[in-house]
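# Tertiary structure, described
Chain by chain, the residues run as shown.
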2 protein chains.
Amino acid sequence: MGTNIPKPALERLPRYLRALRRERGRGKSFMSSNALGQASGVEEFQVRKDLSHVQVSGRPGRGYRIESLIVTLEHVLGLDEVRDAVVVGAGRLGQALSQYPGFENFGFNIVRLFDNDPEKVGQQVGDFKITHVQQMPEWINRHGISVAMMTVPADCAQEVADQLIKDGVTGLWNFAPVLLRVPEHVVVRHEDLAIGLAQLSHHMAWGRSDAD
Amino acid sequence: MGTNIPKPALERLPRYLRALRRERGRGKSFMSSNALGQASGVEEFQVRKDLSHVQVSGRPGRGYRIESLIVTLEHVLGLDEVRDAVVVGAGRLGQALSQYPGFENFGFNIVRLFDNDPEKVGQQVGDFKITHVQQMPEWINRHGISVAMMTVPADCAQEVADQLIKDGVTGLWNFAPVLLRVPEHVVVRHEDLAIGLAQLSHHMAWGRSDAD
DNA sequence: CTATGTGAAAAAGTTCACAGCG
DNA sequence: CGCTGTGAACTTTTTCACATAG
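Just so it is clear, the structure is predicted and the values come from calculations on it, not from any experiment.

Within the structure shown, the criterion is met by eight aromatic pairs over all chains. Where F114(A) meets W139(A), the ring centres are 6.5 Å apart and the plane angle is 75°; that geometry is what we call edge-to-face. Taken together, the residues span a long stretch of sequence, with F114(A) in strand β4 (residues 108–115) and W139(A) in helix α6 (residues 136–143) at a distance of 25 residues. The burial state of F114(A) is the same as that of W139(A); both residues are buried. For the ring pair W173(A) and F175(A), a centre distance of 4.8 Å and an interplane angle of 65° mean the geometry is edge-to-face. Each member of the pair, W173(A) together with F175(A), is buried. A connected cluster of aromatic rings, assembled from ring pairs, spans Y100(A), F103(A), W173(A) and F175(A). Its end group placed over the ring of F106(A), R21(A) keeps NZ or CZ at 5.3 Å from the ring centre. In this structure, R62(B) is placed above the aromatic ring of F30(B), and the distance from its NZ or CZ to the ring centre is 4.4 Å.

Residue and element names in this part refer to chain A. Taken in spatial order, the seven strands of this open sheet run β5-β6-β4-β3-β7-β8-β9, and their pairing is mixed. The open sheet terminates on both sides in strands that have one partner only, identified here as β5 (124–125) and β9 (187–190). Pairing of β4 with strand β6 (residues 128–132) involves three bridges; the strand directions are parallel. Residue pairing for β6: D115 is matched across the bridge by H132.

Rules used throughout
Residues numbered from 1 in each chain as written. Chains lettered and ligands numbered in written order. Predicted model: local features only at pLDDT ≥ 70, side-chain atom pairs only at ≥ 80, totals over all residues. Heavy atoms only, no water. Phe/Tyr/Trp six-rings, centres within 6.5 Å; stacked < 30°, edge-to-face > 60°. Helix = DSSP H or I, 4+ residues; strand = E, 2+ residues; numbered from the N terminus. Buried < 20%, exposed > 50% of the residue type's maximum accessible area, 1.4 Å probe, protein only. Lys NZ or Arg CZ within 6 Å of the ring centre and 35° of its normal. Pairing = 2+ DSSP bridges.

Encoded structure:
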């Protein structure tokens, strides 16, 4: 269990999780597929189908037990284990990420921010001092870092990725607009903001309201 | 034409566009579906199918004319018309966005950065001074702004969106983790970074290398 | 009587294989 | 030949309808 979930369903789970946490925050203990759908912008039967891929069972007449559904989703999404991560590239975006509160809600704990620009090295950003990339291998090794968030320029992204992988990182969250080539055992998520922009632009030009 | 393109195909077009621009930058004038696929991480028949939704025709034996394919894709994606945009929320992410070079490649031109924090108002961020949200309505009206990028806290996002829409904005690029309710004529794109994180986390926990 | 869980139908998207063009 | 364009097969995902449970 946890695997074999259709990709589109998997992309909806985090949204359900957020809605559930919010509802829990309001002191509720049950939530129906209808309510979950409303909160997440999904039809109720889609919610039920998605949740059928996961080991839960709702109670007819009441809905799903919020607490246990949260635990299950966190487990499926791999959020029940916290991963230490570094941010590589201390530009504005890198700084924004390194400061972002709420990564802990999604299983990540940022421990350091690297850059290769001597001007930036040493600067304080929130809790971290920007550290030179030269010291990255040692850091990653010593602290057993498994994840890196990459906010470096496109033309050095592959090189940085190669280095990170050599140092032992097995997960990359890449914001550089390049397709990274990585070995089998490494997981990459390409976060391509241009896609969002292009979508917005397309829908504004040609109509249709939901560019999600 | 331009509409009626399947959503998944539409999400791949920006990647093709980027690959084409890069290739053009190298002085090439033709590119095959195979090369495009390689550069974008897509199978070649998928590329051809995607391009079949668009008014182009490649030349058997050569590939697609880069220049004209670029023009066509830009048109389909609505990038041939530049839209003025504002950024609302001058936190780290808002600042990062307002500085991002390369929006012009995707049809947007950021003209102002707003916030409601008196501490921030007046600060200089790159080319812009942070302006108080009180002045937003007037700005939007006077300059005919159609797009807003929202990097505000979740709990005021809906309120901010309502205001923006009342002022005449018809496109929202929303980074706040809430589902915005908007009238028919407004286009919203929800950019939910948590989905990417959760995906990465899931794939690291349960295996499978491409978390794209 | 309300809300889940799920087979079965419909729709959407992907993959394939191959005809046809330069 | 090399590479496009596309109908047809196949696969995945969404939608629906309804039996079932508390």
